[in-house]
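# Secondary and tertiary structure notes
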Amino acid sequence: ARGIRIKGVSKLYTGTSHPAVDEVSLDIADGEFMTFLGPSGSGKTTMLSMLAGFVSVSAGSIEIDGRDVSRLKPHKRDLGVVFQQYALFPHLSVTKNVAFPLQQRKTPKAEIARRVAETLDLVHLGDYADRLPGQLSGGQQQRVALARAVVYEPRALLMDEPLGALDKRLRDQLQREIARMHRELGMTFIFVTHDQHEALTLSDRIAVFNEGRIEQVGKPADLYERP
Ligand code: ADP
Ligand code: ADP
């Protein structure tokens, strides 16, 4: 079975009495744009962190293409991750930042050059290849982070409020870029936000989180029908 399957997953952080994520189950189809929407503290980041492998599951399992990955280290899960605070290497050029995951995977040099160029084109940063992150705007830095997360063609791209640190104009622009990237790559995207408008604009389906549980799952039109 292709896709990502979350089965009865819970997280009880050490020293707390209430689970941050409480028996969540959800199937995410291949190529789907799935958004976790909900207020602050509802468990969205914890769920995404368990998918990424940054936080251990207390109960339940996570399967990717039928394989249980719940106990695998993050780098063994083959997922790209982008958080609000883009953690670019400040002393490396845009090209070298994006090449980094390919070098770690011992990709041949010629292929690295080709893939980095393609991916910088995808995020419209071809003219900025030699810049340092500090010489770019916030929106451009986030596009570098997106490029670095997808350059090795991971199984899915996980994003936690990637537009949260940007002003309104840049946010709208990057929203359109992310929608276009999703169409062009055909990759599974999992996106965390507390912004309903953002969720409605981008998603194939939305999982609405509240107090650690998924309250509703559905297509934007089904969840928020106009009267
Ligand atoms: P969201 O992403 O929806 O804002 P989080 O997953 O960050 O929600 O948080 C869910 C709940 O878990 C909150 O009550 C939060 O305080 C708690 N929490 C988050 N991270 C930790 C942690 N490392 N240790 C203990 N509690 C945490
Ligand atoms: P795991 O089982 O995934 O290792 P832990 O319960 O050990 O998860 O917590 C993960 C990390 O979050 C730990 O480093 C812990 O110190 C830290 N942490 C604990 N309580 C909080 C909190 N209230 N807010 C943010 N981080 C916290």
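What you are looking at is a predicted structure, and each value in this text was computed from that prediction instead of being measured. (Residues numbered from 1 in each chain as written. Chains lettered and ligands numbered in written order. Predicted model: local features only at pLDDT ≥ 70, side-chain atom pairs only at ≥ 80, totals over all residues. Heavy atoms only, no water.)

### A closer look at the pairing of strand 9 (residues 205-210)
For the record, the criterion: A pair of strands is considered paired only if DSSP assigns at least 2 bridges between the two. Put simply, DSSP marks the helices as runs of H or I at least four residues long and the strands as runs of E at least two long, and each gets a number from the N terminus on.
As judged from the 4 bridges shared by strand 3 (residues 33-37) and strand 9, these two strands associate in the parallel manner. Its bridge partner lying in strand 9, L37 is registered against V208. Sheet topology note: the strand 9/strand 10 (residues 213-218) ladder contains 5 bridges and is antiparallel. Residue V208 lies in a different strand from strand 10, and its bridge partner there is Q216. Two successive antiparallel strands, strand 9 and strand 10, enclose a turn made up of 2 residues, where E211 displays a positive phi of approximately 50°.

### Some remarks on the packing of aromatic side chains
Two numbers describe a pair of aromatic rings. These are the distance of the centres and the angle of the planes. Heads up, the rule is: In this analysis, rings of Phe, Tyr and Trp, with Trp reduced to its six-membered ring, are considered paired at centre separations within 6.5 Å, and the interplanar angle assigns stacked below 30 degrees, edge-to-face beyond 60, and tilted for intermediate values. Note on geometry: a ring has a charge over it if NZ (lysine) or CZ (arginine) is within 6 Å of the ring centre and within 35 degrees of the ring normal.
With the rule as written, the count across this model stands at 5 aromatic pairs. Measuring from ring centre to ring centre gives 5.6 Å for F33 and F189, while their planes differ by 55°; the resulting arrangement is tilted. Placement of F33 in strand 3 and of F189 in strand 8 (residues 188-193) is noted, with a sequence separation of 156 residues between them. Here the aromatic cluster, defined as three or more aromatic residues joined through ring pairs, consists of F33, F189 and F191. Sitting over the ring of Y152, R105 keeps its end group 3.7 Å from the ring centre. Just above the ring of F89 sits the side chain of R148; from NZ or CZ to the centre is 5.3 Å.

### Description of the confidence of the model for the chain
What counts is decided by this rule: Scored from 0 to 100, pLDDT reflects the predictor's confidence in each residue.
Summarising the model, the chain shows a mean pLDDT of 95, and 99% of its residues fall at 70 or more. Among the prediction metrics, the complex's ipTM stands at 0.76, with pTM recorded as 0.88.

### A short note on the sheet that holds strand 5 (residues 67-68)
Operational definition: Any two residues whose heavy atoms approach within 4.5 Å are treated as being in contact. Here an axis means a line fitted to C-alpha atoms, over the contact stretch when the element is a helix, while the angle between two N-to-C directions is reported on a 0 to 180 degree scale.
As summarised here, the arrangement of the 4 strands in space is 2-1-4-5, forming an open sheet in which the pairing is antiparallel. The open sheet has two edge strands, strand 2 (21-28) and strand 5, and neither has a second partner. Inspection of the sheet shows strand 1 (residues 4-11) paired to strand 4 (residues 59-64) by 5 bridges, in the antiparallel sense. Directly across from S10, in strand 4, lies its bridge partner A59. Contacts from helix 1 (residues 44-52) reach strand 1, strand 2 and strand 4 within the one sheet, and its direction differs from that of strand 1 by about 120°.

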